[in-house]
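# Observations on the three-dimensional arrangement
Each chain is listed here by its residues.
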Amino acid sequence: MADKTVLITGVSEGGIGSALSVAFHEAGLKVIATARNINKMANLADFGIETMALDADASKIKKLDILVNNAGAGYSHTAKELFDLNFWSAVRMIQVFLPLLMKSENSPTIINQTTVLSVIAIPWQSTYNSSKAALASITSSRRYELAPFNIKVIELKTALVASKFLDKPGVSESIVPENSIYAPAKSVVGNVLKKNPPNVIWRGETMLPERFVKDAINKVSHLNEIEKLIKE
Ligand SMILES: NC(=O)c1ccc[n+]([C@@H]2O[C@H](COP(=O)([O-])OP(=O)(O)OC[C@H]3O[C@@H](n4cnc5c(N)ncnc54)[C@H](OP(=O)(O)O)[C@@H]3O)[C@@H](O)[C@H]2O)c1
């Protein structure tokens, strides 16, 4: 695996990207960890992982086998900013790094981080959900389009994972399992590096289909109370 290179976006300490970086590094790959704030990746120095500002000159990277579009956020942004971040940044990253991936003879792979909320409607999360649903949709199309070039395209449909995601202002409170982050990252990397990886990898605390959790969703989002007030 030593000659296999993976670039990951959104690798701030305490997040999924950071856990994935460590898991890929431990699997023997050369990891290029990127984030908008390079100081937030200081923890990776201990592992000898290369870090780079997300907006650095991409032409400095000469070889790439796996691109992981992980950077993303919930309601701390406007709707336009959320689509720019959760959808357009991944589209742009693929465009920029496709020439290198096409040159790779080492199972070139694109991994897009979406969410189970791309298929489960949650009140107050519409912009986040729809931006990730758009990413899920383009991921499926790119899988067909890039198959002739032997580039695999995988979707990570992650459910609740402990990270900095919920610390951001405006993100709905949820209960997440503590210390859950490294175990899922290790099993994701194990799946990605299989000879025939699955098209969609589901990880995190499992969520039941919407029809089973509708009452719970209404309760958590206080929609029951709002409906009552409206109808009074
Ligand atoms: N945690 C969960 O339960 C969960 C579930 C499903 C899907 N996901 C997805 O997993 C991915 C990683 O999230 P996480 O849980 O690890 O959250 P996180 O700890 O907040 O990490 C998100 C990463 O994205 C970066 N980012 C946020 N806004 C950005 C912007 N405007 N421009 C550039 N970079 C930006 C963050 O940088 P800063 O540190 O500088 O903000 C950070 O590096 C996201 O795409 C998220 O939607 C998470």
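Residues numbered from 1 in each chain as written. Predicted model: local features only at pLDDT ≥ 70, side-chain atom pairs only at ≥ 80, totals over all residues. Heavy atoms only, no water.

## Examining the side chain of N70
- With respect to the element layout, N70 can be found in the loop between β4 (66–69) and α2 (79–103).
- N70 gets classed as buried once you look at its relative accessible area, which sits at 10%.
- Not counting residues up to four positions away in its chain, the partners in contact with N70 are I8, T9, G10, I16, G17 and Q113. (Helix = DSSP H or I, 4+ residues; strand = E, 2+ residues; numbered from the N terminus. Buried < 20%, exposed > 50% of the residue type's maximum accessible area, 1.4 Å probe, protein only. Contact = heavy atoms within 4.5 Å.)

## Comments concerning a positive patch on the surface
- The grouping of R36, K40, K164 and K168 at the surface amounts to a positive patch.
- Summarising the element assignment, R36 is placed in the loop between β2 (30–35) and β3 (50–53).
- When its relative accessible area of 72% is taken as the criterion, R36 is described as exposed. (Patch = residues over 30% accessible without salt bridge, like charges linked within 9 Å, V, L, I, M, F, W, Y side chains within 5 Å. Areas by Shrake-Rupley, 256 points an atom, 1.4 Å probe, with all protein chains shown as cover. Salt bridge = Lys/Arg side-chain N within 4 Å of Asp/Glu carboxyl O. Lys, Arg positive; Asp, Glu negative; His and termini not counted. Charge placed at Lys NZ, Arg CZ, Asp CG, Glu CD.)

## What about the site of the ligand?
- By nearness alone, 25 residues border the ligand, and S12, I16, Y128, K132 and S163 come closest of all.
- One nitrogen or oxygen atom from the side chain of Y128 is found 2.6 Å from an oxygen atom belonging to the ligand.
- One nitrogen or oxygen atom from the side chain of K132 is found 2.7 Å from an oxygen atom belonging to the ligand.
- Protein coverage of the free-state accessible area of the ligand, which is 880 Å², stands at 92%.
- Classifying every residue of the shell around the ligand gives 9 nonpolar, 11 polar and 5 charged. (Near = heavy atom within 4 Å. Polar contact = N/O pair within 3.5 Å; in protein donor to acceptor, adjacent residues only side chain to side chain. Nonpolar A, V, L, I, M, F, W, Y, C, P; charged D, E, K, R; others polar.)

## Some words on unusual backbone geometry
- Of note in the backbone geometry, S107 takes a positive phi value of approximately 50° without being a glycine.
- Checked against the element boundaries, S107 lands in the loop between α2 and β5 (109–113).
- Positive phi outside glycine occurs at N150, with the angle close to 60°.
- As for its placement among the helices and strands, N150 is situated in the loop between α3 (126–146) and β6 (152–158).

## Brief notes about a nonpolar patch on the surface
- Among the surface-exposed residues, V119, V200 and W202 lie close enough to one another that they form a single nonpolar patch of about 280 Å² accessible area.
- Here V119 shows up in the loop between β5 and α3.

## Here's the deal with the nonpolar core
- Membership of the largest hydrophobic core comes to 25 residues, with the highest contact counts inside it found for L20 and F24.
- For this core, the secondary-structure elements that each account for two or more residues are β1 (5–8), α1 (16–26), β2, β4, β6 and α4 (182–192).
- Among the elements that line this core, the one with the most residues is α1, at 5 residues.
- When neighbours within four sequence positions are excluded, F24 is seen to be in contact with V6, I8, L29, V31, I66, V68, I111, V189, V192 and L193.
- Among the nonpolar cores identified, the runner-up in size contains 15 residues, and L67, M93, I94 and L101 belong to it. (Core = buried A, V, L, I, M, F, W, Y, C linked by side-chain atoms within 4.5 Å.)

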